[in-house]
Structure formats: structure tokens, C-alpha cells
Amino acid sequence: MAQGTEQPAGPPGDATSGMSGTDAYLHRRTLRRGSAGWLLLTGLGVAYVVSGDFSGWNIGLSKGGFGGLAAATVLMGVMYACLVFALAELSAILPTAGGGYGFARRALGTWGGFLTGTAILIEYILAPAAISIFIGEYVESLGLFGLTSGWPVYLACFAVFIGIHLWGVGEALRFSLVVTAIAVAALLVFAAGAFTEFDAGRLDDIPADATAFGSSSWLPFGLLGIWAAFPFGMWFFLGVEGVPLAAEEAKDPVRSLPKALAISLAVLVLLALITFVSATGAQGADAIKEAGNPLVVALQGDGEPTALSRFVNYAGLAGLVASFFSLIFAGSRQLFALSRAGYLPRFLSLTNRRKSPYLGLLIPGALGFTLAAWSGDGGRMLNVAVLGATISYALMALSHLVLRRREPELPRPYRTPGGAVTSSVAFVLACSALVATFLVDRDAAFIALGVYAVALAYFAFYSRHRLVAGAPEEEFTALAAAEAELARD
């Protein structure tokens, strides 16, 4: 069943008794199917991202000004739209927990699959660690229970929310949907309040740098500022690509995944538009460009807290919880799929009686907690996560292009509007965003590349010789190779 050690059946009397080695191996690595319909999947897609509406994006104003960040957000929105349409087609072809790894495995081989899966893991392990730090800062600023930001808060976050995931995927996704709905409602309430103070003259109040090429009141840092703002324009959408990771737990994934991807992206575009414009116009780009809680600053400026600003502050905590919770889910499923196929240690894909990958939740959680407690630098960790994300976007878009060209007859229940042109646009913009990460935080980019290098060494010298041929993503590729050989004969 594998390129390496065979997996024996379980001992006599257990649930795997009498099964073949492959069947017994996969039986112990099974997710709960049919747990999520399109509504829960849509909520998952929005939950991945919603914390980015409450903070982080505004730093892009200090890189590109209102015009630069607006242009960057539009371009990144186009990239995500094109990528989501490509992923909708790919997830309908191969609805497994592997997500991007599975797509790249079919199109780009084992190296491409591992490169993509590792990049996704970097994003989904580092981002929750960073968000736990932000949650701690919110808890301290709100004076909740007299707590200060530190390791006890980070530990509580990981322990409580991983515990809910261990309870079961259906329960976890319903919890995520409720918290996400609260955060989205709060953004709409915020926008309604902020628009009462809106002044278009405040949008371009950052002084222009006369030495920057192409600088103006709308582009105070010149044309290069648009490029430098790419990573912050991504914050309005970062993570939505993780919806296909729930494929094996979805109801009718061939239909529900494309639907959920499209609806969640539409919701995120709307939230990005109203949040960006209303927050900047309420107090001015210069006032919020480096604020840790830009929506609160947009409502109260330097004045006393208001009832609305307090509400938005608490809702920001809900948004952070929603994203933290859903990103834990995404990381565990990507780790589960890579482990099940042998790219990572196989024991990480074992599931409990409630069909949750318990080690795939606990070990990344322990790693995330350790990073948060040791570093305390949420911004740096998010920048590392962004680099991992952009690498995965480029490889997933490339996977769509390769499969369209190499396997045009492959059954496609859903077809990407625009076909290869759409994924080509996603690929070019993803590569541009990848380079832009070096403009924002070069140290974070090199840290991510260092982690990547270690992972690749593990794959090159060890795990690529021990892949599990019976894993769904591997089996799908093997079947394609067999069909191609028959066609040649």
C-alpha cells in the first residue's frame, strides 16, 4: 500500500480485525462525513478572514496611503476571486481533506504537493499563534477579569478552542458560525456609525513624500506604495482559500464547496469595502494608519470611549476568536491529509472516536502556544504566515493551469469562469504578492524560507520514500497514471 513499510491490520478483536493493511490504516484515519452543509462552509470561509477587518489592514495606509491601499486591495481582491474560482473547480474534481496539497499533487507531482502543503501549514500554524497574542491584547485592553496579555491567556485560547474541535467537527463549525455572525453584525453596525462622521477630505490626509516616484495626495508614497501595500490588502481575504480543507466532512462537497467559496468571497468583498472606506473617512487615514484597533480609533479618535466604540471593541474580540478557531480547524486538516499520505509522520493523522484528528489538533496547538509565549510578536508571525500563503496561492493557481492543459478531458462538475485565463491572473498576482512580502518584512520572509528549507530536507531525505499509496490524494493520482498508460496501450 505504500512506498515503504506496510501497515498491518489491527489486532484480533478490534474494529480493524480482518481488514487489509491499507483498509485498517485508513479506518483509523477517518473524518466524520456529511457534517457540514454549504451554510456552515460559508461561515467557515468568512470566519477564516473576519479578524482582518478589525485590525491589521490599516497598516497598509502607512505603506501606500489611501490610494495605494485601495489599489492593492482591489488587485488582491481580483487575485482571491480568480483563485477561488480555480479552487472551486479543483475541489469539485478532488473533494478530499488535502485541499491545495491534493490539487498540486495531481498536477505537479509529489514535490509540488509537498511544497504546497507545507506552505499552507506555515500559514495555518503561524496565524493562530499570532491571533492568540492579539486576543491577549484585546483582553487586557478591555480589562476582562483583570487579566493581562501573556501566556495564561494564550494557553486558555488553545485549550478551550482545541477542546471544542476535539468534541466534533459539526459542533465546532456551528460554534464558529455563531461567533462569525456576531463579528459580521458588529462590522455592519460599526460602518453605520462611522459613516455618520464620514468626510471624503480625510481619506488622503497623509502628507506626500516628494521624493517617491509618482507621489500625490492619493499616493503619498508613490507607485511603489501600491506594491508595498499588497500584503495588507490581502488581510481582507486571507484564509478564505481554506474552505476546501473541509471537503471530506462536507455534505455533497461537489456542489457545496463551490457555492460556499463564492458566497463567502462575496461577503468578504462587501465587508472590505464598507470597513475600509468608513473607517478611513471617519477619522482620516493618518489617524488610523498604525492603530492597533483602527475601528475603535475611527469612532472615538482621541476622545472618551462611547457605547458604540465599546461594542466594536468587544466585537473585535469575537472576530479574533472566530478566525483563531477556524484557522485551527484548517491547520489540523492540512496536517491530517499530509500525514495520512506519509509526507509527515503518519501518527499525526490518527482520529479519535468522534472522528477528529486529535494529534493534528494538539501538536500544532502546542507549537502555536509555544511560539506565542516565546515570541509575543504577533505582527512578525502574521508576516511569516502571509509569505506561506502567497507561495501556496501561486502553486494552486499553477496546478489549475497544468490540469487544464494536460488533462482537458478530466470530468469537471464545476468549471472555472474564464478557464486558464482566470488562474493565470491569480498566478501572476500571487507571485507579485510574494515578492511584496520582502518589501514589508524581510526578516519574516527569510524566517519562513528557513522553515521551508528544513521541511524540504525532511521530505527529500526521508518521507518521499515512505508515501502511502492508498491515501485518497495519492490514489487519485495513481489512477490517473494507470488510465494514461492504458490509453497509450
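A brief look at the structure comes next. Only a predicted model underlies this, so the values are computations on that prediction, with no experimental measurement involved.

This part covers the overall build of the protein chain. The helix and strand inventory of the protein chain stands at 18 helices and zero strands. For a compact globule of 489 residues, the expected C-alpha radius of gyration is about 23 Å, and the protein chain comes in at 22 Å, within 12% of that figure. Projected onto the principal axes, the alpha-carbon positions of the protein chain cover approximately 70 × 50 × 40 Å. A buried classification covers 59% of the 489 residues belonging to the protein chain. Long-range pairs, those at least 24 residues apart, make up 81% of the contacts in the protein chain with a sequence separation of at least 6. Counting every atom, the protein chain has about 18600 Å² of accessible surface; 65% of that belongs to carbon and sulfur. Distance between charge centres in the protein chain, computed from 30 positive and 33 negative side chains, equals 10 Å.

Interhelical geometry of helix H4 (residues 61-93) versus helix H16 (residues 420-440) gives an angle of 130° and a closest axis separation of 8 Å. Viewed along their axes, H4 and H16 adopt a mutual orientation that is oblique. Handedness of the H4/H16 crossing: left-handed. Seen from H4, the contacting residues are Leu75, Met76, Val78, Met79, Cys82, Leu83, Phe85 and Ala86; seen from H16, they are Thr422, Ser423, Val425, Ala426, Leu429, Ala430 and Ala433.

Positioned with a positive phi, aspartate 252 is a non-glycine residue whose angle comes to about 45°. Residue position: aspartate 252 is located in the loop between helix H9 (230-233) and helix H10 (253-283).

Let us now look at the packing of helix H6 (residues 151-167) against helix H13 (residues 307-340). Between H6 and H13, the shortest axis-to-axis distance is 10 Å and the interhelical angle comes to 55°. Judged by the inter-axis angle, H6 sits oblique to H13. In this structure, H6 meets H13 at a crossing whose hand is right-handed. Each of Cys157, Phe158, Phe161, Ile162, Ile164 and His165 in H6 lies in contact with H13, whose residues at this interface are Val321, Phe324, Phe325, Ile328 and Phe329.

A few words on the side chain of serine 332. Turning to its location among the elements, serine 332 is positioned in helix H13. For serine 332, a relative accessible area of 1% translates into the label buried. Once residues within four sequence positions are removed from consideration, serine 332 is found in contact with Pro357, Gly360 and Leu361.

Here we take up the packing of aromatic side chains. By the definition in use, this model includes 23 aromatic pairs. Measuring from ring centre to ring centre gives 4.9 Å for phenylalanine 66 and phenylalanine 276, while their planes differ by 25°; the resulting arrangement is stacked. You can see phenylalanine 66 sitting in helix H4 and its partner phenylalanine 276 sitting in helix H10, a full 210 residues away along the chain. Taking relative accessible area as the criterion, phenylalanine 66 reaches 11% and is therefore assigned buried. In this structure phenylalanine 276 comes out as buried when scored by relative accessible area, which is 6%.

Leftover empty space is mapped by rolling, across the atoms, a probe with the size of a water molecule. Roughly 650 Å³ of volume is contained in the largest pocket. Lining the largest pocket are 25 residues; nearest its centre among them are Ile122, Ile125, Leu126, Leu367 and Val451. Of all elements in the fold, only helix H5 (100-142), helix H14 (358-375), helix H15 (378-406) and helix H17 (442-461) reach the threshold of two or more residues within the lining of the largest pocket. Split by residue class, the lining of the largest pocket holds 21 nonpolar, two polar and two charged. Considering only enclosed or pocket space, the second largest pocket measures out at about 420 Å³ in volume. Taken together, 20 residues make up the lining of the second largest pocket; nearest its centre are Ser55, Ile59, Phe134, Glu137 and Gly292.

Summed over all chains, the structure comprises four cavities of 30 Å³ or more. Here the largest cavity is characterised by a volume of approximately 180 Å³. Surrounding the largest cavity, 15 residues form its lining, Ser51, Gly52, Ile131, Leu238 and Leu382 being those nearest its centre. Going through the elements one at a time, helix H2 (38-49), helix H3 (51-54), H5 and H13 are the ones with two or more residues in the lining of the largest cavity. If you tally residues by element for the lining of the largest cavity, the top one is H5, at four residues. Grouping the amino acids of the lining of the largest cavity by side-chain chemistry returns 10 nonpolar, four polar and one charged. By volume, the second largest cavity amounts to about 90 Å³. If you trace the second largest cavity, you find 14 residues lining it, with Tyr124, Pro128, Ile328, Pro364 and Gly365 closest to the centre.

Turning our attention to the environment of tyrosine 154. In this fold, tyrosine 154 is placed in helix H6. You can call tyrosine 154 buried: its relative accessible area is 6%. Linking tyrosine 154 and alanine 130, residues 24 residues apart in sequence, is a C-alpha distance of 9.8 Å. Other than its neighbours up to four places away in sequence, tyrosine 154 contacts Ser132, Ile133, Gly136, Ser149, Phe369, Ala372 and Ala373.

Right, let's talk about the nonpolar core for a bit. In this structure, Phe54, Trp57, Leu61, Tyr80, Ile135, Phe190 and Tyr393 are the most contacted members of the largest nonpolar core, which totals 153 residues. Per-element tally for this core: the top contributor is H5, with 21 residues. When residues no more than four places from it in sequence are discounted, the contact partners of leucine 61 are Phe66, Leu69, Ile206, Phe221, Phe276, Thr280, Ala285, Ile288 and Lys289.

What counts and how
- Residues numbered from 1 in each chain as written.
- Predicted model: local features only at pLDDT ≥ 70, side-chain atom pairs only at ≥ 80, totals over all residues.
- Heavy atoms only, no water.
- Helix = DSSP H or I, 4+ residues; strand = E, 2+ residues; numbered from the N terminus.
- Rg over C-alpha atoms; globule rule 2.2 N^0.38 Å.
- Buried < 20%, exposed > 50% of the residue type's maximum accessible area, 1.4 Å probe, protein only.
- Contact = heavy atoms within 4.5 Å.
- Areas by Shrake-Rupley, 256 points an atom, 1.4 Å probe, with all protein chains shown as cover.
- Lys, Arg positive; Asp, Glu negative; His and termini not counted.
- Charge placed at Lys NZ, Arg CZ, Asp CG, Glu CD.
- Axes fitted to C-alpha atoms, helices over the stretch in contact; angles between N-to-C directions.
- Parallel < 35°, antiparallel > 145°, perpendicular 65-115°, else oblique.
- Left-handed = near helix turned anticlockwise from the far one by under 90°.
- Phe/Tyr/Trp six-rings, centres within 6.5 Å; stacked < 30°, edge-to-face > 60°.
- 1 Å grid on protein atoms, 1.4 Å probe; cavity = no way out; pocket = protein on both sides within 12 Å on 5 of 7 lines; lining within 4 Å.
- Points joined across faces, edges and corners; volume = space filled by probe spheres on them.
- Nonpolar A, V, L, I, M, F, W, Y, C, P; charged D, E, K, R; others polar.
- Core = buried A, V, L, I, M, F, W, Y, C linked by side-chain atoms within 4.5 Å.

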